[in-house]
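Architecture and fold: a report
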Amino acid sequence: AKSGPSAVTNTMGAYACQRKTPLEHHNAVLTDALLLLAENADFCTNEGRSVAFKRAASVLKALPGPVRRMEELQGLPCLGEHCQRVIKEILEHGASSEVEMTRHSEHYQAMKALTGIFGVGVKTAEQWHRAGIRHPADLVSSEHKLNRAQRAGVEYYEHLRVPVTKAEADRIGEIVKRAVDAVLLGAEITLTGGFRRGKQTGHDVDFLITHPDEGREEGLLPKVVSWLEARDLLLYQKTNKNSYLEAKEWPARPPSNMDRFERCFSIFKLQRPWAALEEPPQSGERGAAETPGWKAVRVDLVVTPVSQFAFALLGWTGSQLFERDLRRWAGQKGMSLSSHALYDCEQKRYLRATSEEEIFAHLGLEYIPPGERNA
Ligand code: ATP
Ligand code: MN
Ligand code: MN
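In the nomenclature of an unreviewed UniProt entry, the protein corresponds to DNA-directed DNA/RNA polymerase mu from the organism Scleropages formosus. The record in UniProt for the protein states the following under Subcellular location (unreviewed entry): "Nucleus". For the protein, the Function (unreviewed entry) comment in UniProt is given as "Gap-filling polymerase involved in repair of DNA double-strand breaks by non-homologous end joining (NHEJ)."

1. Some details on the environment of Gly364
Along the chain, Gly364 falls in the segment after helix 16 (356–362). Separated by 31 residues in sequence, Gly364 and Lys333 have C-alpha atoms that sit 8.8 Å apart.

2. Examining the sheet that holds strand 9 (residues 342–344)
Judged by pairing direction, the sheet is antiparallel, and its 3 strands sit side by side in the order 8-9-10 without closing on themselves. With one partner strand each, in any of the chains shown, strand 8 (335–337) and strand 10 (349–350) form the two edges of the open sheet. Relative to strand 10, strand 9 is paired through 2 bridges, and the arrangement is antiparallel. Bridging across to strand 10, Tyr343 finds its partner in Tyr350. Here helix 15 (residues 320–332) sits on the sheet and contacts strand 8 and strand 9; the angle it forms with strand 8, its principal contact strand, is near 160°.

3. Observations concerning the nonpolar core
In summary, soluble globular proteins display a tendency toward joint burial of nonpolar side chains. In terms of nonpolar packing, the biggest core is built from 64 residues, with Ile209, Val297, Leu301 and Val302 touching the most fellow members. Ranked by residues supplied to this core, first place goes to helix 14 (residues 309–317) with 7 residues. Discounting chain neighbours no more than four positions away, the residues touching Val302 are Phe207, Leu208, Ile209, Phe261, Arg263, Ala312 and Trp316.

4. Here we look at the domain arrangement of the protein
Segmentation of the protein into domains returns domain 1 (5–102), domain 2 (107–155), domain 3 (164–275 + 287–314) and domain 4 (315–372). For domain 1 versus domain 4, the distance between C-alpha centres works out to 25 Å. By residue class, the composition of the side of domain 1 that touches domain 4 is 5 nonpolar, 3 polar and 2 charged.

5. Some details on the pairing of strand 4 (residues 205–210)
Most of strand 4 is tucked away: 6 of the 6 residues are buried. The alternating pattern of strand 4 places Val205, Phe207 and Ile209 and Asp206, Leu208 and Thr210 on opposite faces, both of which are buried. Relative to strand 4, strand 2 (residues 188–191) runs antiparallel, the two being bridged by 4 bridges. Across the sheet, Glu188 pairs through a bridge with Thr210, a residue of strand 4.

6. Notes on the packing of helix 2 (residues 28–43) against helix 3 (residues 47–61)
Contact geometry of helix 2 with helix 3 gives a least axis separation of 8 Å together with a crossing angle of 165°. One finds that helix 2 runs roughly antiparallel with respect to helix 3. At the point where helix 2 passes helix 3, the crossing takes the left-handed sense. Here helix 2 contributes Leu30, Thr31, Leu34, Leu35, Leu37, Ala38, Ala41 and Asp42 to the contact with helix 3, which in turn contributes Arg49, Ser50, Phe53, Lys54, Ala56, Ala57, Leu60 and Lys61. Tallied by class, residues from the contact of helix 2 with helix 3 come to 10 nonpolar, 2 polar and 4 charged.

7. Quick notes on helix 15
With 13 residues, helix 15 extends 19 Å from end C-alpha to end C-alpha; this agrees with the ideal 18 Å at 1.5 Å per step. For helix 15, the complete set of buried residues consists of Leu321, Phe322, Glu323, Asp325, Leu326, Trp329 and Ala330.

8. What about the sheet that holds strand 2?
Strand order in this open sheet of 5 strands is 2-4-7-6-5, and the pairing throughout is mixed. In this open sheet, the two strands that pair with only one neighbour each are strand 2 and strand 5 (234–240). With direction set aside, neighbouring strand axes in the sheet form an average angle of 25°. This element, helix 13 (residues 220–230), spans strand 4, strand 5, strand 6 (262–271) and strand 7 (294–303) of the sheet and lies at about 170° to strand 5.

9. A short note on the environment of Arg69
One can find Arg69 in the loop between helix 3 and helix 4 (81–93). Among the residues examined, Arg69 registers 10 C-beta atoms within 10 Å and is labelled exposed.

10. Considering the site of ligand 1
Among the 16 residues in the neighbourhood of ligand 1, the closest are listed as Gly193, Gly194, Gly202, His203 and Gly318. Of all the elements in the fold, those that place two or more residues in the shell around ligand 1 are helix 12 (193–196), helix 14 and helix 15. Here the shell around ligand 1 is composed, by residue class, of 2 nonpolar, 9 polar and 5 charged. Both of domain 3 (164–275 + 287–314) and domain 4 (315–372) provide at least three residues apiece to the shell around ligand 1.

11. Details of the UniProt feature "binding site: Mg(2+)" (unreviewed entry) in the protein
UniProt feature "binding site: Mg(2+)" (unreviewed entry): in the numbering of this structure it lies at Asp204, Asp206 and Asp300. A maximum C-alpha distance of 7.4 Å places the annotated residues, which cover 97 residues in sequence, within one compact spot. Mapped onto the elements of the fold, Asp206 is located in strand 4. Judged by local crowding, Asp206 falls into the buried class, with 21 C-beta atoms found within 10 Å. Those residues in contact with Asp206 that sit more than four places away from it in its chain are Thr192, Gly193, Asp300 and Trp316.

12. Observations regarding the pairing of strand 6
For strand 6, a buried count of 7 out of 10 residues is recorded, marking the element as mostly surrounded by other parts of the structure. Strand direction decides the pairing type here: strand 5 and strand 6, joined by 6 bridges, are antiparallel. Counted as the bridge partner of Lys238 is Phe265 from strand 6. In the sheet, strand 6 pairs with strand 7 via 10 bridges, with the strands oriented antiparallel. Counterpart to Phe268 in the pairing with strand 7 is Val297.

Conventions used here
Residues numbered from 1 in each chain as written. Chains lettered and ligands numbered in written order. Predicted model: local features only at pLDDT ≥ 70, side-chain atom pairs only at ≥ 80, totals over all residues. UniProt positions renumbered as here; feature names shortened; annotations may be inferred. Helix = DSSP H or I, 4+ residues; strand = E, 2+ residues; numbered from the N terminus. Pairing = 2+ DSSP bridges. Contact = placed C-beta atoms within 7 Å. Axes fitted to C-alpha atoms, helices over the stretch in contact; angles between N-to-C directions. Core = buried A, V, L, I, M, F, W, Y, C linked by C-beta atoms within 7 Å. Buried ≥ 20, exposed ≤ 12 C-beta atoms within 10 Å, placed from the backbone. Domains from an automatic or database assignment. Nonpolar A, V, L, I, M, F, W, Y, C, P; charged D, E, K, R; others polar. Parallel < 35°, antiparallel > 145°, perpendicular 65-115°, else oblique. Left-handed = near helix turned anticlockwise from the far one by under 90°. Expected span 1.5 Å × (residues − 1). Near = placed C-beta within 6 Å.

What follows is the structure, encoded as structure tokens:
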């Protein structure tokens, strides 16, 4: 009888929400390669192809050890012909020619730089690329019109490129807590997104805010924003109202992956607590302009009625692929899952839950803790 990988092979589910995916895994060389191809497929607006590469990478992340031979992949889900070809080349030659060619291509590099600007999606980046824009710096002098988000994105580009650390996320958590406490007694905040999955860095910080008395949370964000702005803690913010009304939802509007909570996409001005401890500049040239005493940090604030909290928490913890497969799994079970609710399409009723565990149970899934949702 075989042992090792084949035992896993036989039991690994095809949906990311059926397996445990830790943050640290054993196949980073392979997954980095596949995720670069996924990213490039996104840059070519080929979503199907992108998801296929992401699924394959995710399967490798869930393996108990490093892949050394192609035979070890036998029977694993989501590994199509193309992925196998890439993996084979890396196992045999240490690198994939397709990946290296893509990595160095002008289109990939320009699209990576341009979509790295806050407020810029693939469509806009592609238009700019066609107009000869290659880098955010090209936008400063160009006549291309930028919206408010993109202007902030260009202005703070160098700051926002630097990953946010867990320490910075915790510091921002303290600030948000103080703001929320000041405007609504008893409101609760929860760190979600990648940091809740145990990541040590992130591209932003995500928070959920709720209040134990349903309805009290309504209209909270404009007050929080005013509190923060009065203290010069925000560089940018865009706040949207809640537009979710359960009675008008299913089946008129099947849930999308965008939710409709009251939310604020923002850029915080985080004072560096260590700035005061730094050596003063030695000469006139290396002044404050080069190393400001603050850092721009992307922060997402989402307000949820407490009755939807478990769904919002599950929906905002990620990873993105884990969420996608949760929704696909629900669909295949005759249910419809969003960050607001779970609807049973056959019984024509909503399935309530006050914890993530209950939602997994409704879906007939084994509970996967946040630290193992790094699909
Ligand atoms: P990172 O560390 O890079 O920030 P992350 O996993 O936290 O990684 P985010 O883009 O911050 O990634 O998203 C966190 C989660 O919130 C994801 O699972 C995503 O599906 C969900 N999410 C993000 N934006 C929205 C949105 N507009 N509507 C609904 N859900 C969203
Ligand atoms: Mn995040
Ligand atoms: Mn986010």
